[in-house]
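A look at the structure
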Amino acid sequence: MNPYIQYMYSYPHKTAYGPLFGVNLKDYRERLGGPGHGLYLHLPFCQSKCGYCNLFSVTGQTERAVDRYLDTVKGQMEQYREILSPVKTGFSSFTIGGGTPLLLTEKQLEKVFAMTEASFPLEENREIVIETAPNQTTRGKLAVLKAAGATRVSMGIQSFREEELKVLRRNHSADRAREGVKLLKEFHFPCMNLDFIYGIPGQSVNSLLESLKEALEYDPEEIFLYPLYVKHGAGLERDVREGMVLEPEKAMAEYEAGAEYLDRMGYRQDSMRRFVRQREGDREFSDCGFSSSLALGCGGRSYVGNLHFCTPYAITRKDCLRELEAFENTVDFARITHGIFLSEDEEKRRYVIRHLLIHPGLPAGQYRQRFGTVADEDYPVLTQWMEEGLLACHGDYLRLTKKGMGLSDYLGPKLISPYISRRMEAWDEGHRQDDRQDHGSLPGKFKKL
Ligand code: SF4
């Protein structure tokens, strides 16, 4: 059995979205009324493309192109501010993702924070979360983050082994990663998170543990462990076609050893990927993120009640550039043209997926209160998982067992509805046809880890 089917960090997947007509943000603004919402900004620029990346990001953009993008985002912010001011929207978190946000110059980063503060009321105890990468982490840029009040800074290390970084086509060296994390440490952000990948061809349990051991020397508040996926459109897809082998059993052994090691070193496992340091005085960052959230820029998605929307999903450079151009030519950001309205069944599935895969689990009572039905009656597969020892009751919570947690990327996809599956498959098939037209040949069947 391959336990690595799909990472369900959200539901439904963007490939299930489609065109929307006659939908305007103004008609849904009440859902963003009052405090406690999330704000997300996508900065889709990278120095080079990592081999496993299927995120919305482009390389080779000039400083002027980034300025142009920021000017468009500013216009979007101003329009959103006008729409939201009557309902007094307050944001309790501001997340900047990408891409590589620190590819921006210090001046550009300052502009991002200034224009956000000018347009949106960020609440007093708000979280400001940002991703960094070793090559782009400089003292000057970290000073900008510090001045802006960043509370959680995450760095994609992936491995401290040169040969593993090469396989992943990361463009930093292990030494650069060490310098980056040392610098990050000097700034004492409330939460420093370091990302690692397992399941890399040529990696072993020992080499993963060595990387983790080295990471803990910097005493990070959080560690994320990601399995290597090679999805459609990622650079490594070609290597897989040409014989690179991904071994799920080996990846699982690495995961188990990594999770066990982090547990022993005092890190609580909050999900299959997230490990949080447990020490007196450490901040709690657990949040299943079920509130509404508004995305800015191109490539991020907004969750406004049962209305989810974003720019059309794009992976290839050509598609990403097309969407960027369309974004920069947008005149009216209130018009929502691509997304999905979730039915009640899809909302329930989303609730179950988003809670079940994350500590402390699915609150059965809250589910009943919210939807008026019983979770394991709605989804009998939950009872089956309990019988199989993958799920257990902890008071009011249904929580994955240790074994179940390790199978999150196998169990989560089982909760996808047939309707959403059909839409995802249709997107996949459509894009394979585009590839055939673009390249005159069909890429080998995507080989999942
Ligand atoms: S994985 Fe992150 S850093 Fe690498 S290309 Fe993708 S968005 Fe950029």
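Preceding this paragraph is the structure being described.
A few points on the structure. Sequence positions are assigned chain by chain, starting from 1 and proceeding in written order. Totals for whole chains, interfaces and linings use all residues, but because this is a predicted model, local features are given only for residues with pLDDT of at least 70 and pairs of side-chain atoms are given and counted only at 80 or more. Calculated side-chain values reflect all of the structure's heavy atoms, with hydrogen atoms and water omitted.

Things to note about the pairing of strand β17 (residues 391-394)
How we decide: Note on pairing: DSSP must find at least two bridges between two strands before they are called paired. Only DSSP runs of H or I with at least four residues qualify as helices, and only runs of E with at least two residues qualify as strands; both kinds are numbered from the N terminus onward.
The pairing of β17 with strand β18 (residues 397-400) spans four bridges and is classified as antiparallel. Looking across to β18, one finds that histidine 394 is bridged to tyrosine 397. Once β17 ends, the chain turns through two residues before running back antiparallel as β18, passing glycine 395 with a positive phi of about 65°.

A few points about the pattern of salt bridges
Selection rule: By definition here, a salt bridge exists when the distance from a side-chain nitrogen of Lys or Arg to a carboxyl oxygen of Asp or Glu is within 4 Å. Here's how the labels work: a residue is buried when its accessible area is under 20% of the maximum for its type, exposed when over 50%, partly exposed in between, all with a 1.4 Å probe on protein chains only.
Throughout the structure, instances matching the rule amount to 24 salt bridges. Between glutamate 260 and arginine 264 there is a salt bridge, with its nearest N and O atoms 3.1 Å apart. Taken together, the positions of glutamate 260 and arginine 264, both in helix α8 (residues 248-264) and four residues apart, correspond to about one turn of that helix. A residue is classified by how much of its surface remains accessible, and glutamate 260, at 37% relative accessible area, is partly exposed. Residues participating in the shared-partner salt-bridge network are Asp219, Glu221, Arg277 and Arg279.

Thoughts on the sheet that holds β17
Spatially, the three strands line up as an open sheet ordered β16-β18-β17, and their pairing is antiparallel. Both outer strands of the open sheet, β16 (362-363) and β17, are each paired with one neighbouring strand and no more. Pairing geometry for β16 and β18, over two bridges, is antiparallel. What sits directly across from leucine 362, in β18, is leucine 398.

Overview of the environment of proline 190
Along the chain, proline 190 turns up in the loop between α5 (174-186) and β8 (191-198). A C-alpha to C-alpha distance of 8.2 Å links proline 190 and alanine 150, two positions 40 residues apart in sequence.

A closer look at the packing of helix α6 (residues 205-216) against α8
Filter applied, for reference: A fitted line through C-alpha atoms serves as each axis, taken over the contacting stretch for helices, and the angle formed by two N-to-C directions is quoted from 0 to 180°. Relative orientations are named as follows: roughly parallel for angles under 35 degrees, roughly antiparallel for angles over 145 degrees, roughly perpendicular for angles from 65 to 115 degrees, and oblique for any other angle. Crossing handedness is defined as follows: a turn of the near helix away from the far one that is anticlockwise and smaller than a right angle gives a left-handed crossing, while the clockwise case is right-handed. Two residues qualify as a contact provided that any one of their heavy atoms is within 4.5 Å of a heavy atom in the partner residue. Following the grouping adopted for this structure description, the nonpolar residues are Ala, Val, Leu, Ile, Met, Phe, Trp, Tyr, Cys and Pro, the charged ones are Asp, Glu, Lys and Arg, and the polar ones are all others, Gly among them.
Running from N to C, α6 and α8 point in directions that differ by 30°, and their axes come no closer than 9 Å. Between α6 and α8, the crossing angle belongs to the class labelled roughly parallel. For the pair α6 and α8, the sense of crossing is right-handed. Of the residues in α8, those touching α6 at Val205, Leu208, Leu209, Leu212, Lys213 and Leu216 are Ala253, Glu254, Ala257, Gly258, Tyr261 and Leu262. Along the lines of polarity and charge, the residues of the contact of α6 with α8 split into nine nonpolar, one polar and two charged.

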